[in-house]
Amino acid sequence: MLAVSDGGKPDLTMSEFALNKLEEVFTKLKRSVWVFHLNTGSCNGCDIEVLDVLTPYFDVERFGIKLVGSPRHADLILLTGPVTIKTIGKVVRAVKAMPRPRLVLALGSCGVGGGIWFNTYATLGGYPQLEKILKDAGVEVDRVVYVPGCPVRPEAIIYGVAVLLGLLQPKSKHRRVSAVEG
Amino acid sequence: MRMVKFLKMLSISVREGTATRKYPFESPLVTPEFRGKIEVDPVKCVGCGACTRICPPKALTIGNEGDEIVLKYFEGRCIFCGMCAYVCPQKAITVSKEFELATWELGDLYDEVVHTTVKCRICGKPFTTVKFVKEVEKRIDNKVPEDLLTVCPECRKKLTARKIGSKVVGVSGE
Ligand code: SF4
Ligand code: SF4
Ligand code: SF4
């Protein structure tokens, strides 16, 4: 169905690895994370904020975070955009090209839930939908962090990376309250 | 020549200082106009659904869940436009400055307000919230015919049609 041709070699299922070795790998990752910026059809708002994070103003290289040109060198994918139908094949290939552990930061309201394009004919509607396709293609992703915002603030991206690496606990909690008679 | 240029840079950087934000170690720059996550006040909200209709990405939705009506807010899809706060007739929505929302669990990004419902007198289907009916009664001084408040829109249509029908045919009663 999807054109995920990568020499025809099936991706190894490494869920045991994800379960047992991930924490160990994370302690190593605290030293530095190399990121690959993957635009899946975003409006470029989030991409500009990603660039902002890399400029001297926010200078994430002080944490060892470095932008690389190929997913094969990356630990983390900065995924922006609602995943347009046209990009699916390429996105799956880029994620598949990453070495384990595969980490994804779904950025922006588009990346998290499709944003204002959550139900159009031309988009999938964000990372949660893409995850199903990745599963079908046998591509495992070890950890995902969702970072809402439209566009995401550079600070929010830095915060997201900290949450991803387990340096900070997420603040958001599911809240379900009864409407009180007032 | 190059060296001279470099020295020039040095004097500028001494004058201007460090440009880099210390962000995780200092509070972020948040202007008074900044819009972050919204908060729905469960005391003020009546469950009218006006906010769900204006919301551009439908981050706010309202729907029946069994015997309850639930107003759901999905932070993950919100574009932080503040239209819902502007349109809410009860002023139940406030726009906060919170933007550090990153999380592992998609479920953490949902906020829900659960409303008790009024059931239709005829078909028994829950069709609106108790608080909404009370608010409507308050706003128009209890001058609403009972039918309008206790009968769901579908049953009301049938009821009206039957009334008109009976007038035309000349038969009284329902
Ligand atoms: S989240 Fe907003 S800024 Fe980012 S790609 Fe989507 S529409 Fe653009
Ligand atoms: S518009 Fe206001 S009162 Fe109506 S459902 Fe939304 S939050 Fe509640
Ligand atoms: S701020 Fe805008 S996008 Fe967010 S819930 Fe309100 S209307 Fe919807």
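This is a predicted model, so every value here is computed, not measured.

Cut-offs applied
Residues numbered from 1 in each chain as written. Chains lettered and ligands numbered in written order. Predicted model: local features only at pLDDT ≥ 70, side-chain atom pairs only at ≥ 80, totals over all residues. Heavy atoms only, no water. Helix = DSSP H or I, 4+ residues; strand = E, 2+ residues; numbered from the N terminus. Contact = heavy atoms within 4.5 Å. Areas by Shrake-Rupley, 256 points an atom, 1.4 Å probe, with all protein chains shown as cover. Salt bridge = Lys/Arg side-chain N within 4 Å of Asp/Glu carboxyl O. Buried < 20%, exposed > 50% of the residue type's maximum accessible area, 1.4 Å probe, protein only. Near = heavy atom within 4 Å. Nonpolar A, V, L, I, M, F, W, Y, C, P; charged D, E, K, R; others polar. Buried area = accessible area lost by both parts, 1.4 Å probe. Polar contact = N/O pair within 3.5 Å; in protein donor to acceptor, adjacent residues only side chain to side chain.

Draft legend 1. Structural detail: the overall build of chain A. Helix and strand counts for chain A come out as seven helices and six strands. When the helices and strands of chain A are placed in sequence order, the string is α-α-β-α-β-β-α-β-α-α-β-α-β. Contacts in chain A between residues at least 24 apart in sequence constitute 79% of all its contacts with a sequence separation of at least 6. As displayed, chain A offers around 8,800 Å² of accessible surface, 57% of which is attributable to carbon and sulfur atoms.

Draft legend 2. Main features of the pattern of salt bridges. Applying the stated rule across the entire model yields 17 salt bridges over all chains. In this structure, B:Glu98 engages A:Lys171 in a salt bridge whose closest nitrogen and oxygen atoms are separated by 3.3 Å. Separated into two different chains, B:Glu98 in the loop between strand S4 (93–95) and strand S5 (110–119) and A:Lys171 in the loop between helix H7 (154–164) and strand S6 (175–178) make up a pair that spans both. According to the relative accessible area criterion, B:Glu98 is partly exposed, its value standing at 28%. Between B:Glu16 and B:Arg15 there is a salt bridge; the shortest N-O distance is 3.7 Å. Each member of the pair B:Glu16 and B:Arg15 is classed as exposed.

Draft legend 3. Highlighting the site of ligand 1. Residue and element names in this part refer to chain A. In the vicinity of ligand 1, the residues found are Ser-42, Cys-43, Gly-45, Cys-46, Gly-108, Ser-109, Cys-110, Trp-117, Gly-149, Cys-150 and Pro-151. Looking at the shell around ligand 1, the elements with two or more residues in it are helix H3 (45–54) and helix H5 (108–113). Looking at which element gives the most residues to the shell around ligand 1, the answer is H5, with three residues. Here the residues of the shell around ligand 1 are counted per class, giving six nonpolar, five polar and no charged.

Draft legend 4. Here's a closer look at the interface of chain A and chain B. In this assembly, 44 residues from chain A lie in contact with 48 residues from chain B. Carbon and sulfur atoms supply 57% of the area that chain A and chain B bury against each other, a total of about 4,000 Å² over both sides. Contact with chain B buries area across many residues of chain A, yet A:Arg153, A:Arg175 and A:Arg176 alone supply 15% of it, more than any other trio. Our enumeration of links across chain A and chain B arrives at six salt bridges. Here chain A and chain B share 18 residue pairs in polar contact (both at pLDDT 80 or more) between them. Elements with a minimum of two residues in the side of chain A that touches chain B: H5, strand S5 (143–147), H7 and S6 of chain A.

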